[in-house]
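Fold and contact review
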Amino acid sequence: METHSSLSTWVEESAQLCEPDRVVWCDGSREERERLIEQALSAGELLGLNEHELPGCTLHRSNPNDVARTEGLTFICCPKKEDAGPTNNWMDPAEAYRRLSAIFDGSMRGRTMYVVPFLMGPPGSVFAKVGVEITDSLYVALNMGLMTRMGRVAMEQLNASGEFTRGLHSRADLNPDRRYICHFPQDNTIWSVGSGYGGNALLSKKCLALRLASVLGREQGWLAEHMLIVGVEDPSGKITYLCGAFPSACGKTNLAMLVPPERFKGWRVWTVGDDIAWLRPAPDGRLYAVNPEAGFFGVAPGTSMKSNPNAALAVRRNTIFTNVAMKPDRTVWWEGLEDSPSECLNWKGQYWTPQSGQPAAHPNSRFTVDIHQAPSYSPEWDNPNGVPISAILFGSRRASVVPLVYEAFNWQHGTFLGATLSSETTAAATGQVGVVRRDPFAMLPFCGYNMADYFGHWVQMGKNLSQPPRVFRVNWFRRGADGKFLWPGFGENLRVLQWIIQRCDGVGEARETPIGFLPRPSALDLEGLELSQSATEELLSVNPLHWGGALESQQQFLEKFGERMPREMWDEHHALAKRLSSQPPVP
Ligand code: GTP
Ligand code: SPV
Ligand code: MN
């Protein structure tokens, strides 16, 4: 392959620092992939699975200390601390380069350095960006081959423009005390060391496509978001495209691959993306979205033919499984997949039985698979212009307070719903699970700059759109007094999407409440669900007393940003308080 001179210089410098035994340039060909998988199998970095049941599939077991993103070790290294804002960890760029250089120094001795060029977005598209990841992990290189348009296609675009993001990654000794994920937006550079896990190590994903891209988007008038993109086709053949921001492990992949319930004859869902969207205003005044990725790095637990048949079918071949359990016949298993085995090897490779008292698969175990393998794959994925977005959904896990669905009054109010999004924490990041925290736009761990400025950018984006998408808040995770989910979720979520699409078409019925427009139970098609009347009422109720508490915590959150918080967000907060106080409390 022809190489751009700035790329070869950077690769040479990186090799001098890390001292690998050899350097391998990846071209993304099928032969190369087969060769690298063979090498990973003989090195034990991947385990072979049942070739008959799961052709081309492999299993990777992470170091047990390295199974989720580590937000506390993730840094934005811009020159001024206040530009990273109060929700990000910040490190002085010179200090970060110094500290990480010491860890990279000689870290690849005895190992191979892979140079992995990748393209984010359709070739030739105004959305597209090139990155190159240098890594000493074969697992990372193989994942990048599924998650991005990797190799030659990226080199072609790089040679044309000369621009690319530099991502340097080494597992080093996988010591959590020497683990850092550092972003240098001013240098278009990412340095990640000491982890081999997903979002820490696949630098295309959260590091480039969200943290660095969000900074670029603000400078250039577009958005980089933690969003799924889905096309919903109705029986007349009309397809409405929606985006949805949900925090990690809160249902993006599932919504992107939804299979309509029995009752919804003639409906169909098309998957454009399941995790990241880049959005740009187009000359027609609408917002268009592209999925910069080429594969899914999806949560395994809970995935089954019943909950998500599209994902279950997609992962039957050519899939890399990470930290799932292996059955005696060398097929895979995780909690939530049908039929618990009577014995298997757990995610650490230890003997497991249902009596072991611990999950067999890690709660954040994952599958990596090419997007084309999803039966719901949308050919629009490759459209260089993206798809026009009619609605944006903000979703999260909230056991109480937040209704099943409501609509924002307008774009600015929608921005406020995104800014004040809160959710219970999940296993996708290290730390306690199930604690409610503010996760604005599901971007808390992924925004590359001061979040107050980010809210301002969202307000501004609306002003640049003559036909902005409508904005909705959804919550599939409301629980009843018995602790069980009130809403069946998964495929049945289409019933909510149907109302959302009706609203976009100007025909859906709604009642105005202090928090936004809610459907009356009669406005939703609930036929065949056997949902009790009390559950339905609870799912669609707004209790001003509960919202009083929410107001207080919103205020504390907005205050954290001081003067930098845009006035529009305070206006929305005060307007909400006023609407709530003029509402008679629910008896
Ligand atoms: P990341 O890849 O971490 O960004 O996660 P995600 O937002 O794509 O979440 P995903 O769709 O993988 O779902 C995470 C977990 O939530 C899985 O265990 C799902 O089975 C479960 N889940 C998804 N949708 C629903 C739903 O509608 N209802 C319920 N009860 N659970 C759901
Ligand atoms: C998430 O945590 O939101 C993920 C998985 O999509 S990771 O790639 O680890 O970020
Ligand atoms: Mn995600």
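Residues numbered from 1 in each chain as written. Chains lettered and ligands numbered in written order. Predicted model: local features only at pLDDT ≥ 70, side-chain atom pairs only at ≥ 80, totals over all residues. Heavy atoms only, no water.

Let's talk about helix H12 (residues 451-463)
The first and last C-alpha atoms of H12 sit 19 Å apart over 13 residues, in line with the 18 Å expected at 1.5 Å per residue. Among all positions of H12, only Met451, Ala452, Asp453, Tyr454, Phe455, His457, Trp458, Val459, Met461 and Gly462 are buried. Among the residues of H12, the N-terminal cap falls to Asn450, whose side-chain oxygen and the backbone nitrogen of Ala452 are separated by 2.9 Å. (Helix = DSSP H or I, 4+ residues; strand = E, 2+ residues; numbered from the N terminus. Expected span 1.5 Å × (residues − 1). Buried < 20%, exposed > 50% of the residue type's maximum accessible area, 1.4 Å probe, protein only. Polar contact = N/O pair within 3.5 Å; in protein donor to acceptor, adjacent residues only side chain to side chain.)

Considering the pattern of salt bridges
Inspection of every chain in the model, using the stated rule, returns 26 salt bridges. Across the pair Lys205 and Asp275 runs a salt bridge whose closest N-O atoms are separated by 2.9 Å. In this pair, Lys205 is assigned in helix H8 (residues 204-220) and Asp275 in the loop between strand E15 (268-273) and strand E16 (277-281), connecting sequence segments 70 residues apart. For the pair Lys205 and Asp275, one class covers both residues: buried. Where salt bridges share partners, they join Lys205, Lys206, Lys252, Asp275 and Glu293 into one cluster. (Salt bridge = Lys/Arg side-chain N within 4 Å of Asp/Glu carboxyl O.)

Things to note about the environment of Leu576
Residue placement: Leu576 occurs in helix H16 (residues 567-581). For Leu576 and Met155, which are 421 residues apart along the polypeptide, the C-alpha to C-alpha distance reads 51 Å. Not counting the four nearest positions on each side in its chain, Leu576 is found in contact with Phe416, Pro514, Ile515, Leu551 and Gln554. (Contact = heavy atoms within 4.5 Å.)

A look at the coordination of the manganese ion (ligand 3)
Taken together, Lys206 (NZ), His226 (NE2) and Asp275 (OD) make up the protein donors of the manganese ion (ligand 3), found 2.1 to 2.6 Å from the metal. One can describe the donor arrangement at the manganese ion (ligand 3) as irregular, given that its six donor atoms subtend angles of 63 to 174 degrees at the metal. Linear spacing of the donor residues for the manganese ion (ligand 3) on their chain is K-x19-H-x48-D. Of this pair, His226 sits in the loop between strand E12 (223-225) and strand E13 (227-233) while Asp275 is found in the loop between E15 and E16, placing the two residues 49 residues apart along the sequence. Per residue, the accessibility class of His226 equals that of Asp275, and both read buried. (Donors = N, O, S within 2.8 Å, 3.2 Å for Na, K, Ca; no water. Tetrahedral: all angles 85-135°; square planar, octahedral: opposite > 155°, others 65-115°.)

Quick notes on unusual backbone geometry
A negative phi holds for most residues other than glycine; trans holds for most peptide bonds. Phi at Asn188 takes a positive value of approximately 50 degrees, unusual for a residue other than glycine. Turning to its location among the elements, Asn188 is positioned in the loop between strand E10 (180-184) and strand E11 (189-193). Residues other than glycine seldom take positive phi values, yet Phe490 does so here, at roughly 50 degrees. Checked against the element boundaries, Phe490 lands in the loop between strand E29 (470-474) and helix H13 (494-504). Classification of Phe490 by relative accessible area gives partly exposed; the value is 41%.

Looking at the site of ligand 1
Taken together, 22 residues are adjacent to ligand 1, and Ala249, Lys252, Asn254, Pro301 and Arg366 come closest. Here an oxygen atom of ligand 1 sits 2.8 Å away from a polar atom, N or O, in the main chain of Ala249. Between ligand 1 and Arg366 there is a distance of 2.7 Å, counted from an oxygen atom to a side-chain nitrogen or oxygen. Relative to its free-state accessible area of 650 Å², ligand 1 is covered by the protein chains to the extent of 92%. Where the shell around ligand 1 is concerned, the elements lending two or more residues are helix H9 (252-256) and strand E18 (295-299). (Near = heavy atom within 4 Å. Areas by Shrake-Rupley, 256 points an atom, 1.4 Å probe, with all protein chains shown as cover.)

Here's the deal with the domain arrangement of the protein
The domains assigned to the protein are domain 1 (5-45 + 70-221), domain 2 (225-294 + 378-581) and domain 3 (296-373). Each of domain 1 and domain 2 has a C-alpha centre, and the two are 31 Å apart. At the interface, 37 residues of domain 1 touch 38 residues of domain 2. Summing both sides of the interface, domain 1 and domain 2 together bury roughly 3200 Å²; the carbon and sulfur share of this comes to 57%. Applying the counting rule to domain 1 against domain 2 returns seven salt bridges. Taken together, the connections running from domain 1 to domain 2 amount to 17 residue pairs in polar contact (both at pLDDT 80 or more). Those elements that provide at least two residues to the side of domain 1 that touches domain 2 are helix H3 (81-84), strand E6 (112-120), helix H5 (138-147) and H8. (Domains from an automatic or database assignment. Buried area = accessible area lost by both parts, 1.4 Å probe.)

Some thoughts on the nonpolar core
Ranked by size, the top nonpolar core spans 128 residues in total, and within it Trp278 and Ile500 carry the most contacts. Taken together, domain 1 (5-45 + 70-221) and domain 2 (225-294 + 378-581) each give at least three residues to this core, which thus spans both. Listed in part, the 31 residues of the second largest apolar core include Phe75, Cys77, Leu100 and Val115. (Core = buried A, V, L, I, M, F, W, Y, C linked by side-chain atoms within 4.5 Å.)

Section: the packing of helix H11 (residues 411-419) against H16
Put simply, H11 and H16 touch, their axes get as near as 10 Å, and they point 90 degrees apart. Judged by the angle between their axes, H11 and H16 are roughly perpendicular. Counted together, Gln412, His413, Thr415, Phe416 and Ala419 of H11 and Glu568, Met569, Asp571, Glu572, His573, Leu576 and Arg579 of H16 form the full contact between these two elements. Residues belonging to the contact of H11 with H16 are distributed by class as follows: four nonpolar, four polar and four charged. (Axes fitted to C-alpha atoms, helices over the stretch in contact; angles between N-to-C directions. Parallel < 35°, antiparallel > 145°, perpendicular 65-115°, else oblique. Nonpolar A, V, L, I, M, F, W, Y, C, P; charged D, E, K, R; others polar.)

Observations regarding the sheet that holds strand E2 (residues 47-48)
The five strands are arranged E2-E3-E19-E24-E18 in an open sheet whose pairing can be described as mixed. Where the open sheet ends on each side, the last strands, each with one partner, are E2 and E18. (Pairing = 2+ DSSP bridges.)

Some details on the packing of aromatic side chains
A complete count under the given rule lists 27 aromatic pairs for this structure. Where Tyr197 meets Phe297, the ring centres are 5.9 Å apart and the plane angle is 55 degrees; that geometry is what we call tilted. Placement of Tyr197 in the loop between E11 and helix H7 (198-201) and of Phe297 in strand E18 is noted, with a sequence separation of 100 residues between them. Each member of the pair, Tyr197 together with Phe297, is buried. Ring geometry for Trp333 against Trp352: centres 5.8 Å apart, planes inclined by 35 degrees, an arrangement best described as tilted. One end of the pair, Trp333, is in strand E21 (residues 332-333); the other, Trp352, is in strand E23 (residues 351-352), with 19 residues separating them in the sequence. For the pair formed by Trp333 and Trp352, the shared burial category is buried. (Phe/Tyr/Trp six-rings, centres within 6.5 Å; stacked < 30°, edge-to-face > 60°.)

Some remarks on the packing of helix H2 (residues 30-43) against H5
Orientation of H2 relative to H5, taken along the N-to-C sense of each, is 150 degrees, at an axis distance of 10 Å. Of the two elements, H2 crosses H5, and the hand of that crossing is left-handed. Within the contact between the two elements, H2 uses Arg33, Leu36, Ile37, Gln39 and Ala40 and H5 uses Leu138, Leu142, Gly145 and Leu146. The residue inventory of the contact of H2 with H5, partitioned by class, reads six nonpolar, two polar and one charged. (Left-handed = near helix turned anticlockwise from the far one by under 90°.)

Some thoughts on the site of ligand 2
Of all residues adjacent to ligand 2, which total 13 residues, the nearest are Arg69, Tyr197, Gly199, Lys206 and Ser248. Tyr197 places a polar side-chain atom, nitrogen or oxygen, 3.4 Å from an oxygen atom of ligand 2. At a separation of 2.9 Å, an oxygen atom of ligand 2 approaches a polar backbone atom of Gly199. When ligand 2 sits alone it has 290 Å² of accessible area, and the protein chains cover 98% of it. Those elements that place two or more of their residues in the shell around ligand 2 are H7 and H8. For the shell around ligand 2, the class distribution of residues is four nonpolar, four polar and five charged.

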